[in-house]
Amino acid sequence: MRIKLFSSLLLIVLLSVSFLIPVMAKTESIGNVTIYRGTPTVDGVIAENEYLTVITLDKINMKAFDQFEQNTVPDGFSLKLYLSWNDSGLFVGYSVTDTTPVTAESGWKFNGDLIQLFADLGPTISGQHTTDESAIGRRAPLFTTGLDADGVLYYLHQCVPSEEILNFVSDGGYQYEGKSTENGWNAEYMIPWKMLIDDINTKVEDASLSLSDVKAGTVINMMAIYNDFNRDRELIGWYASTNTTDSDPFDWQPEIFGIYGVLDVKEETSPETYDLISGVIGAAGCCFSVLMISKVKKKSAAK
């Protein structure tokens, strides 16, 4: 009886793993994500439980574009994306694991590893034609960050009529900080709601977003893109959280963003993570449940 029970459990485990293997081998977009309210400290250090929404981006859910030398997401690369929000803005954190991290040259050269984040609040730009071609067509507002050789995190505001380096805006009150780590680098910054709302209202005719629209239930769609540079500071790869089915070039349209965030509040203090670990845990839990049920049935039969 025990041998039959063990064989049945082994079969369940193998079937569970077989269901997981195709998922792990195929690139999947992140999809729906709940962004919980909170106010992290923007200091370049990601403290435990500082963000309640944590998304792991890697070769499982990012796509590399084949026009570059590095046309697959490298083994060992990962980007943890941390998200939070309050009445002032959207907080974004990155923790990068990169076996070959490259900082940009000093003097605002932007020729080192960097991360770009498109953000479409509403989503408003999706499905619309933007009216201001000087704002680079139908692209959503773009926020770019990376470390330079002096340890300075640069913070760029792009795909808008007046692109700028926010480090130079002395009276802007912008929050941003980054640090090198043992395995890569971290970054944190805040996107003010007012700036993002103004961007979208400028880009889309008849858009009328206001601060009152930013509340629990508000949707914000995003796409993160890692720009990978080699030691010679040459761009060798783009890895994006897009929902496209292949790696063909595209024009960053908001319809292909792979992260669909919804603002919400949360009472608990444990982070909610988005990766495949939960699937593995679920399979293990399923096996454990079957084992317990089998034991109960066996005891009942013995009676």
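From a predicted model like this one, the values you see are computed outputs, not experimental measurements.

### Comments concerning the overall build of the protein
Helix and strand content of the protein: 3 helices and 15 strands. Counting across all 303 residues of the protein, residues that qualify as buried make up 46%. Considering only contacts in the protein between residues 6 or more positions apart, those separated by 24 or more positions represent 71%.

### Some thoughts on the environment of Phe-65
Along the chain, the position of Phe-65 falls in the loop between strand E3 (63-64) and strand E4 (78-85). Overall, the relative accessible area of 1% leaves Phe-65 in the buried class. As for Phe-65 and Ala-240, which are separated by 175 residues in sequence, their C-alpha atoms are 8.3 Å apart.

### Regarding the side chain of Asn-221
Along the chain, the position of Asn-221 falls in strand E12 (residues 219-229). Apart from the residues within four sequence positions on either side, Asn-221 is in contact with Phe-118, Ala-119, Asp-120, Pro-123, Phe-257, Ile-259, Tyr-260 and Gly-261.

### Digging into the pairing of strand E5 (residues 89-97)
By the criterion of burial, E5 is predominantly enclosed, with 7 of the 9 residues buried. Relative to E5, E4 runs antiparallel, the two sharing 8 bridges. Looking at E5, one finds that Ser-78 is bridged to Thr-97. Where E4 folds back on E5, the antiparallel hairpin that results is connected by 3 residues. Sheet topology places E5 next to strand E11 (residues 184-192); 9 bridges connect them, and they run antiparallel. Bridged to Gly-89 within E11 is Pro-192.

### Digging into the confidence of the model for the protein
For the protein, per-residue confidence averages 81 on the pLDDT scale, and 74% of positions sit at 70 or higher. Confidence drops under a pLDDT of 50 for residues 2-26, and excluding neighbours within four residues, the segment shows 20 contacts in the predicted structure. Below pLDDT 50 for its whole length, residues 276-303 participates in 18 contacts with residues either more than four positions away or in separate chains.

What counts, and at which threshold
- Residues numbered from 1 in each chain as written.
- Predicted model: local features only at pLDDT ≥ 70, side-chain atom pairs only at ≥ 80, totals over all residues.
- Heavy atoms only, no water.
- Helix = DSSP H or I, 4+ residues; strand = E, 2+ residues; numbered from the N terminus.
- Buried < 20%, exposed > 50% of the residue type's maximum accessible area, 1.4 Å probe, protein only.
- Contact = heavy atoms within 4.5 Å.
- Pairing = 2+ DSSP bridges.
- pLDDT = per-residue confidence, 0-100.

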